[in-house]
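Inside the fold
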Amino acid sequence: MSVDLKRLRVERYEAVFRAAAGDQPLALGDATGVPLWSSDGCARSGIGSVLEGLASGEGAAGDLAATHALPGGTVAVAPVRDGEEVAAWLATWVPDGRGADAALERSSRLLDELAHLAGDDLRREREVEGLADELVERGEELHVVYDFDRNLRTSDDMRSGLTGVLAEFADSLGVDVAAMIRTGGHDPICTVHPDCSVDNMDLVMVQLQSNLLRFMGVRRRALVLNDLGDPRHGYLFCHLPFKVLAYPVADDEQVHGVLALLRDPARRDFSSGDQSLAGVVAHQSAAIFRNDAMLAKLRRFGEQMAAALIEAVEAKDPYTRGHSERVQGLAVHLGRSLAMSERELEDIYWGALLHDIGKIGVPDAILAKPGRLTPDEYHFIQGHPERSYEIMRHIEYLRAGAIEGARYHQERFDGKGYPAGLAGEQIPYPARVIAVADTYDAVTSSRAYRPGSSHETAVEVLLDAAGTQLDPDVVSAFDDACRDDARWIVQLRTKDTVS
Amino acid sequence: MRSVLVVDDEAHIRRLVSMQLERRGYKVDVAANGAEALERLRATPYDAVITDLSMPVMDGQELCTEIRSEIGTTVPVIVLLTSQILDDDRAWVDALPNAAALQKPISFRRLLRCLEEHLEASEGEG
């Protein structure tokens, strides 16, 4: 990179020159000899032509200093070197006459000295500019980190956060497509610049998801394909009319995916600056994916622990096998039809799954008893929601909604249920939803003493119980959900094991 | 050539900003505080002003008020906010016509884009 010669402090050189050499002009020409500046406005004929001659290889190019006799005077020149390169020329004009030789010698020495100074100045300027550019680059990287952080902090989930990151990043970098392609079958996250018309985005994504993902998994460092004729472009893609910058999203342990940026061939090449900014996004994303994977693992652990507990309960009565999981599926679906929030659905999810956990304390003989229960036995059974509560309340992760959902799932809308005899809207909402799902599954499941009823019968039972046992609004939402599309319920009913 | 006045009490920021702007073809003058900037603005019209917020003598907010009342509303002003942007901090900038707030450390990508957008807006009006 050459430093702008305008940064040279020519006025200062001239002041020094004038103090020592008296009223002689000083001129500066660029490397090709074009006069850029002179103390007398380049008026002194000859300086310009000598400079041009020097630059084109005539005369004394390469000498430290040289003089050129012309009619009426002599031009002295000195090269300003930036390293090995001649970056500019300084020149002066000494008119013929008395004392001209001495003046010329003095001028040449001065010129030589000033040229050295100018060379040092150029180097220093270049260093400063280099430092400034470095600072500017780091500033950009810092802002990418800020954006990343802000997007993830202000969005509800990782996916929408990353979509925001990619959109802003693509916009600030001027790329047409920014895509986060993930390993492990996760859906890619992708943003397309509004000005960009991609004919077939699906095809683009398929290409990125196949060879590129595999290639980057092995390569593990950035890949820049600015030339569409690059053989690697041909190997990796069958038809992708874009310049490509791909950066692996990986940590020490694993490759999470690839950050792929696509730019129209008419736009500028991907630079090393683009590459380092992509690196920032890729590294941040890797950290996010790692955390996400750890969270998912923890969640799976929680679910498996719950499943193990439930299996312990359901093993006590073979007829209730899969009951908890089916009730969970029914209740969550029902909750969705009731337009519950994600938070409420999460409560339903856990409350429904664990609602019968208290049955762990009920003797097997009572649970699986084919005949009528004695009042004592019935009393035992009735204690199970409270025991579910006792078990669940120690689990910090579960919110009140989930725990209450399990505790009050045997309450009746008319207040004749147990354990507390709550009525109507006194019964926590999750419990009223779980109660409907629980009743449906109980009616459709076989028991030791009777076979399971059909879906139609079960819905009738629910409709009959609406307002007495069950919340009529929840029952009618269930009825609607079955009418809209009954497939979901068939899928749930055929699932009879806890996975 | 578009002219920009860069106002910051820190010499290295003035230099950094002018260096980057000059490289992209802007004519740049500098001032070390709001009062100095106003003097320059009274003497010469500029196409845009880029100013720091906290400066001695006259700070960026006061300078903005003076510019809007004295120089006019069409001159784009970009205010550089030191460290974190607090929403309260930038609210008054957003309320100014043809002005914007950017966070320090400076992202030149953003600064240049912001400057160009605001220059276009003011040229559209003017």
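Residues numbered from 1 in each chain as written. Chains lettered and ligands numbered in written order. Predicted model: local features only at pLDDT ≥ 70, side-chain atom pairs only at ≥ 80, totals over all residues. Heavy atoms only, no water.

**Remarks on empty space enclosed by the protein**
Residues and elements named next belong to chain A. According to the stated counting rule, one finds three cavities of 30 Å³ or more in the structure shown. Reported here for the largest cavity is a volume of approximately 60 Å³. Lining the largest cavity are Val313, Glu314, Asp317, Thr320, His323, Ser324, Asp356, Lys359 and Leu367. At the level of elements, α7 (272-314) and α8 (323-337) are the ones that each hand at least two residues to the lining of the largest cavity. (1 Å grid on protein atoms, 1.4 Å probe; cavity = no way out; pocket = protein on both sides within 12 Å on 5 of 7 lines; lining within 4 Å. Points joined across faces, edges and corners; volume = space filled by probe spheres on them. Helix = DSSP H or I, 4+ residues; strand = E, 2+ residues; numbered from the N terminus.)

**Side note on the environment of Ile78 of chain B**
All names here are of chain B. Along the chain, Ile78 falls in strand β4 (residues 77-81). Residue classification places Ile78 among the buried residues on the basis of a relative accessible area of 0%. The sequence separation of Ile78 and His118 amounts to 40 residues, and the corresponding C-alpha distance is 8.7 Å. (Buried < 20%, exposed > 50% of the residue type's maximum accessible area, 1.4 Å probe, protein only.)

**Here we look at the nonpolar core**
Residues and elements named next belong to chain A. Formed by 31 residues in total, the largest nonpolar core has its most connected members in Leu330, Leu334, Val433, Val436, Tyr440, Phe478 and Trp488. Looking at this core, the elements with two or more residues in it are α8, α9 (342-353), α14 (429-444), α15 (455-465), α16 (472-484) and α17 (487-494). Ranked by the residues each element gives to this core, the list is headed by α14, at seven residues. The contact partners of Tyr440, leaving out residues within four places of it in the chain, are Leu330, His455, Ala458, Val459, Leu462, Phe478, Ile489 and Arg493. Ranked by size, the runner-up nonpolar core spans 28 residues in total, among them Val144, Phe169, Leu245 and Leu277. (Core = buried A, V, L, I, M, F, W, Y, C linked by side-chain atoms within 4.5 Å. Contact = heavy atoms within 4.5 Å.)

**Section: unusual backbone geometry**
Residues and elements named next belong to chain A. Here Tyr418 and Pro419 are connected by a cis peptide whose omega angle stands at 5°. Turning to its location among the elements, Pro419 is positioned in the loop between α13 (400-407) and α14. Of note, Arg220 is a non-glycine position whose phi angle comes to about 60°, a positive value. Structurally, Arg220 is set in the loop between α5 (201-219) and β8 (223-225). What makes Arg220 partly exposed here is its relative accessible area of 41%. The residue Ala339 is not glycine, and still its phi comes out positive at about 55°. Within the element layout of this structure, Ala339 appears in the loop between α8 and α9. A residue is classified by how much of its surface remains accessible, and Ala339, at 65% relative accessible area, is exposed.

**A short note on a nonpolar patch on the surface**
Together, Leu295, Leu298, Phe301 and Met305 of chain A make up a nonpolar patch on the protein surface, roughly 450 Å² of accessible area in all. By secondary structure assignment, the location of Leu298 of chain A is in helix α7. (Patch = residues over 30% accessible without salt bridge, like charges linked within 9 Å, V, L, I, M, F, W, Y side chains within 5 Å. Areas by Shrake-Rupley, 256 points an atom, 1.4 Å probe, with all protein chains shown as cover. Salt bridge = Lys/Arg side-chain N within 4 Å of Asp/Glu carboxyl O.)

**Notes on the side chain of Asp438 of chain A**
Residues and elements named next belong to chain A. One can find Asp438 in helix α14. For the buried Asp438, which has no salt bridge, the nearest side chain bearing the opposite charge is Lys359, at an N-O separation of 6.6 Å. There is a polar contact of 3.4 Å between the side chain of Asp438 and the side chain of His355. Ignoring sequence-local partners within four residues, the contact set of Asp438 consists of His323, Val327, His355, His409 and Gln410. (Lys, Arg positive; Asp, Glu negative; His and termini not counted. Polar contact = N/O pair within 3.5 Å; in protein donor to acceptor, adjacent residues only side chain to side chain.)

**Regarding the interface of chain B and chain A**
Residue-level contacts link 14 residues of chain B with 20 residues of chain A. Here chain B and chain A share an interface that buries about 1,500 Å² over both sides, 45% of which is from carbon and sulfur atoms. Of all residues in chain B, the largest losses of buried area upon contact with chain A belong to Met19, Arg109 and Arg110 of chain B, amounting jointly to 37% of the total for that side. Our count for the chain B to chain A interface comes out at six salt bridges. On the surface where chain B and chain A come into contact, there are nine residue pairs in polar contact (both at pLDDT 80 or more). Among the secondary structure elements, those contributing two or more residues to the side of chain B that touches chain A are α1 (11-23) and α5 (108-125) of chain B. Ranked by residue count, the leading element in the side of chain B that touches chain A is α1 of chain B, at six residues. (Buried area = accessible area lost by both parts, 1.4 Å probe.)

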